[in-house]
Amino acid sequence: MTKLPMSPLAAATNLIKSYCDSGRLSDARRVFDELPERDVVAWTAMICGYASNARPEDAWGTFRAMATAGVDANAFTLSSILTACRVMEFAEFTASVHAIAVRRGIIGQMHVDNALVDAYSAFPCGIDDAFKVFDGISQRSPVSWTTIIAAYVRHGNGGAAVQMCSQMLKEGVELNPFTLSITVRASAAVESLIFGRQIHAATVKIGHGSNLHVSNAITDMYSRCMSFPEARQYFSEMPQKDLITWNTMIAGLDRAGSLDSCRLLLNMFSQSVQPNFFTFTTIISSCAKLSKLSFGQQIHCVVVHRGFGENQQIANALVDMYAKCGSIADSQKVFNKMCYRDLVSWSSMIIGYGVHGYGKEAVELFNEMVSYGIQPDSILFMGVINACSHAGMVEEGLKFFNLMESIYGVQPDKEVYGCMIDLLGRSGRLGEASELIEKMPFEPDESLWGALLGACKMHGNAKLGRLAAQKILNLKPKGAKTYVILSNIYAAASEWASFAEIRKLMRGVGGKKEVGMSWIEVREEVYSFVASDQSNPCVSLASEVLAMLICHMDREVFGS
DNA sequence: ATAGGGTTAG
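Residues numbered from 1 in each chain as written. Chains lettered and ligands numbered in written order. Predicted model: local features only at pLDDT ≥ 70, side-chain atom pairs only at ≥ 80, totals over all residues. Heavy atoms only, no water.

Per an unreviewed UniProt entry, the recorded name for chain A is Pentatricopeptide repeat-containing protein, and the organism is Dendrobium chrysotoxum.

Pasting the structure below:
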């Protein structure tokens, strides 16, 4: 076979591509600009270079310049520009490329369709458009499936992701490392240990068990399903580990509320694995949860020493950590030093003020944030309302609640209603609190009734408390939070519910599906009750709850 | 000569 000599244009295009692959975009551009003529392949190489190096604006500029130069886009060009659309997260750009594809008859080509699905799904409301395109693909490849499942996972719709997985499996789609790892991720999203274990077994059987992407996903799956002993076991048996493996396991131990997250970090250092900002944000959040101020301070030093001092997410985590560890002055220091503050930065500081009882400061900071034109979200409203609640500023809190929808266009969710019930309940306005529960647009769940119950306990309102306790028991609550609620019932008044009934319920508590509360928080809350009021005759019963809780945690959470 | 997918935090 004789090899044809490469044309000068083809050689130059090769050079452009290899410069782009190593991130040397200005070198690529120089070669591109010096070309006497440019065909669609050369243009596409340049567009793709920008798109895959996180420069979507330049990709678009080049795409437009190509049209101006009278060169028609082909399927390769459209796939490349769709990568840029995905980064820009603008649905309009994706839709316009979609229109071009339809007009030029390029739609229906595998790469273009898959890239369209991906680009649409990058937009917060784009999942339906993404599915429409996916649905229209006649010959779906493994890439199509991976893309749509990943999209559902990203949008927090684990149920749909798992549904797509089972359809994919039914259709006999090739199980490669990509389809396997996204399936593992989907099972983690719905916290289905059974499905997760099945896929784990399948990866081993097929022979992809040693793929790092897949293995990392499996470690993560066990930890998201709260099966921590399995996660640790699997982690320790992984023959190869990369930074993501370590980060995943540290995050898993953080989720378990175990101090071992910090131990594992030290272990990682001793193996000379270099941490990145993921590692630091995770470990800082661990210190926050566990109130490990001195370890947190040491991590802060390491962060600065390693040149991560300017990192946005790390600084946000530090603000939160210092606040949770009771050192609000240090939170302020970090916050003030930040050169740019995003919504999370402001929220962390405001929430920090709130839990320390600095209601006025929280409100002032909220107003300052708004004056900078930053849009508050429902988490932030929770923070300010909580701050008002802890500082006894009931009217102020009510004002925020009334303004959040009308002025800021933020719909109050269940959590915000919970804060409101707490706000009204704490100040003794129990009638208004129960009225709010009645007229809110959701079915009240156990945590909302629990908030009312807590207030009844505080103000000795047995009549309303009995009602709240009854409502909770009727809901047959599950999960770790239940322990807190049940100990609250014990605490509030033993005659409100029959012990036999409560014990029966306790046995049914799964403890694996808790939302928004770590084991350590649960344990602390129960501890604090037992320690708080020794004269209460219910304490011995609450001790029983505590004993069961600790036993449960040792077995299920810490694997001992 | 140019194109599409998977893993870590909040």
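Okay, back to it.
Engineer: Can you help me understand the overall build of chain A in this one?
Structural biologist: Along chain A, the regular secondary structure elements total 32 helices and zero strands. Expressed as a percentage of the 560 residues in chain A, the buried residues total 49%. Sequence-distant contacts, at least 24 apart, represent 62% of the contacts inside chain A between residues at least 6 apart. Summing over all exposed atoms, chain A offers an accessible surface of approximately 26,800 Å²; the carbon and sulfur share of this is 54%. (Helix = DSSP H or I, 4+ residues; strand = E, 2+ residues; numbered from the N terminus. Buried < 20%, exposed > 50% of the residue type's maximum accessible area, 1.4 Å probe, protein only. Contact = heavy atoms within 4.5 Å. Areas by Shrake-Rupley, 256 points an atom, 1.4 Å probe, with all protein chains shown as cover.)

Engineer: Honestly, helix α19 (residues 312-324) in this entry has me stumped. Any pointers?
Structural biologist: Side chains three or four residues apart in an α-helix point the same way, a direct result of the helix having 3.6 residues per turn. When the terminal C-alpha atoms of α19 are compared, their 19 Å separation across 13 residues agrees well with the 18 Å that a helix rising 1.5 Å per residue should span. In terms of burial, α19 is largely enclosed, as 10 of its 13 residues are buried. Among the residues of α19, those classed as buried are Gln312, Ile314, Ala315, Asn316, Ala317, Leu318, Val319, Met321, Tyr322 and Ala323. Taken together, the buried residues of α19 touch α17 (277-290), α18 (293-305), α20 (328-337) and α21 (343-355). For α19, the capping residue at the N-terminal end is Asn311, with a side-chain oxygen 3.0 Å from the backbone nitrogen of Gln313. Looking one or two residues past α19, Gly326 carries a phi angle of roughly 85°, positive in sign. (Expected span 1.5 Å × (residues − 1). Polar contact = N/O pair within 3.5 Å; in protein donor to acceptor, adjacent residues only side chain to side chain.)

Engineer: Any chance you could explain the UniProt feature "repeat: PPR" (unreviewed entry) in chain A here in plain terms?
Structural biologist: Here, the residues flagged by UniProt with the feature "repeat: PPR" (unreviewed entry) are residues 39-73, 141-175 and 342-376. Along residues 39-73 the backbone is 74% helical and 0% strand, and the end-to-end C-alpha distance reaches 10 Å. Between the first and last C-alpha atoms of residues 342-376 the distance is 10 Å; the span itself is 74% helix and 0% strand. (UniProt positions renumbered as here; feature names shortened; annotations may be inferred.)

Engineer: It is not clear to me how the protein's contact with DNA strand B should be interpreted in this structure. Could you clarify?
Structural biologist: Taken together, 50 residues lie near DNA strand B, and Asp39, Arg86, Asn114, Asn216 and Asn247 sit nearest. One nitrogen or oxygen atom from the side chain of Arg86 is found 2.3 Å from a phosphate oxygen belonging to DNA strand B. Ser181 places a side-chain nitrogen or oxygen 2.9 Å from a base nitrogen of DNA strand B. Broken down by class, the residue content of the surface near DNA strand B amounts to 17 nonpolar, 24 polar and nine charged. (Near = heavy atom within 4 Å. Nonpolar A, V, L, I, M, F, W, Y, C, P; charged D, E, K, R; others polar.)

Engineer: What's the story with the confidence of the model for chain A in this structure? I'm lost.
Structural biologist: Interpreting fine coordinate detail is not advised for predicted regions of low pLDDT. For chain A, per-residue confidence averages 87 on the pLDDT scale, and 84% of positions sit at 70 or higher. Here residues 493-497 is modelled with pLDDT under 50, and outside its nearest four sequence neighbours on either side it reaches 12 contacts, counting other chains as well. Confidence drops under a pLDDT of 50 for residues 507-518, and excluding neighbours within four residues, the segment shows 30 contacts in the predicted structure. (pLDDT = per-residue confidence, 0-100.)

Engineer: What exactly am I supposed to notice about the side chain of Thr44 here?
Structural biologist: Along the polypeptide, Thr44 turns up in helix α3 (residues 40-52). Under the relative-accessibility criterion, Thr44 is labelled buried at 8%. Within polar-contact distance, the side chain of Thr44 engages the backbone oxygen of Val40 at 2.7 Å. Among all residues touching Thr44, those that are not within four sequence positions of it are Asn74, Phe76, Thr77 and Ser80.

Engineer: Is there a simple way to think about helix α14 (residues 228-237) in this case?
Structural biologist: Along α14, the positions that sit buried rather than exposed are Phe228, Ala231, Tyr234 and Phe235. Mapping the buried residues of α14 onto a view down its axis gives an arc of 130°, with all of them on the same face. (Arc of directions from axis to C-beta.)

Engineer: Any chance you could explain the packing of helix α9 (residues 142-154) against helix α10 (residues 158-170) here in plain terms?
Structural biologist: The geometry of α9 relative to α10 is characterised by a closest axis approach of 7 Å and an angle of 160° between their N-to-C directions. Of the possible angle classes, the one that applies to α9 and α10 is roughly antiparallel. Crossing of α9 over α10 shows left-handed handedness. Contacts between α9 and α10 involve Trp145, Ile148, Ile149, Tyr152 and Val153 on the former and, on the latter, Gly158, Ala160, Ala161, Met164, Cys165, Gln167 and Met168. (Axes fitted to C-alpha atoms, helices over the stretch in contact; angles between N-to-C directions. Parallel < 35°, antiparallel > 145°, perpendicular 65-115°, else oblique. Left-handed = near helix turned anticlockwise from the far one by under 90°.)

Engineer: Is there a simple way to think about a nonpolar patch on the surface in this case?
Structural biologist: Nonpolar side chains collect at one region of the surface, where Ile351, Val355 and Ile379 lie side by side and expose about 250 Å² of accessible area between them. With respect to the helices and strands, Ile351 occurs in helix α21. (Patch = residues over 30% accessible without salt bridge, like charges linked within 9 Å, V, L, I, M, F, W, Y side chains within 5 Å. Salt bridge = Lys/Arg side-chain N within 4 Å of Asp/Glu carboxyl O.)

Engineer: How do you make sense of the side chain of Ser79 when you look at a structure like this?
Structural biologist: By secondary structure assignment, the location of Ser79 is in helix α5 (residues 75-88). Accessibility expressed as a relative area gives 15% for Ser79, which makes it buried. Setting aside anything within four residues of it in sequence, one finds Ser79 in contact with His111, Val112 and Ala115.

Engineer: Is there a simple way to explain unusual backbone geometry in this structure?
Structural biologist: The phi torsion of most residues other than glycine is negative, and most of the peptide bonds are trans. Phi is positive for Ala54, close to 60°, though the residue is something other than glycine. Within the secondary structure, Ala54 sits in the loop between α3 and α4 (56-68). We note that Ser272 has phi near 60°; this positive angle belongs to a residue other than glycine. Tracing the backbone through its elements, the reader meets Ser272 in the loop between α16 (260-270) and α17.

Engineer: I keep staring at the packing of α17 against α19 and nothing clicks. Help me out?
Structural biologist: Packed helix pairs are specified by the crossing angle of their axes together with the interaxial distance, meaning the distance between the axes. Where α17 meets α19, the closest approach of the two axes is 8 Å, and the angle between their N-to-C directions is 10°. The angle between α17 and α19 falls in the class roughly parallel. For the pair formed by α17 and α19, the contact residues are Phe277, Phe280, Thr281, Ile284, Cys287 and Ala288 on the first element and Gln313, Ile314, Ala317, Leu318, Asp320, Met321 and Lys324 on the second. The residue makeup of the contact of α17 with α19, split by class, is nine nonpolar, two polar and two charged.

Engineer: Honestly, the pattern of salt bridges in this entry has me stumped. Any pointers?
Structural biologist: Working definition: two side chains of opposite charge can pair if their charged atoms are close together. Taken as a whole and assessed by the stated rule, the structure comprises 22 salt bridges. A salt bridge links Arg30 to Asp27; the nearest nitrogen and oxygen atoms lie 3.4 Å apart. Taken together, the residues span about one helical turn, with Arg30 and Asp27 both in helix α2 (residues 25-34) at a distance of three residues. With a closest N to O distance of 2.8 Å, Glu432 and Arg429 form a salt bridge. In this structure Glu432 comes out as partly exposed when scored by relative accessible area, which is 34%. For Arg429, a relative accessible area of 24% translates into the label partly exposed.

Engineer: Is there a simple way to explain the packing of aromatic side chains in this structure?
Structural biologist: Aromatic rings in a pair are described by how distant their centres are and how their planes are angled relative to each other. Counted by the stated rule, this structure contains 17 aromatic pairs. Judged by centre distance (6.1 Å) and plane angle (80°), the rings of Tyr353 and Tyr358 are edge-to-face. Taking the relative accessible area as the measure of exposure, Tyr353 reaches 9% and is therefore buried. Ring geometry for Tyr417 versus Phe442: centroids 5.9 Å apart, planes at 80°, classification edge-to-face. Note that Tyr417 is positioned in helix α25 (residues 414-426) and Phe442 in the loop between α26 (430-439) and α27 (446-459), a separation of 25 residues in sequence. Following the ring pairs from residue to residue traces out a cluster consisting of Phe366, Phe381, Phe400 and Tyr408. The ring of Phe335 has Arg341 sitting right over it, with the charged end atom 4.7 Å from the ring centre. (Phe/Tyr/Trp six-rings, centres within 6.5 Å; stacked < 30°, edge-to-face > 60°. Lys NZ or Arg CZ within 6 Å of the ring centre and 35° of its normal.)

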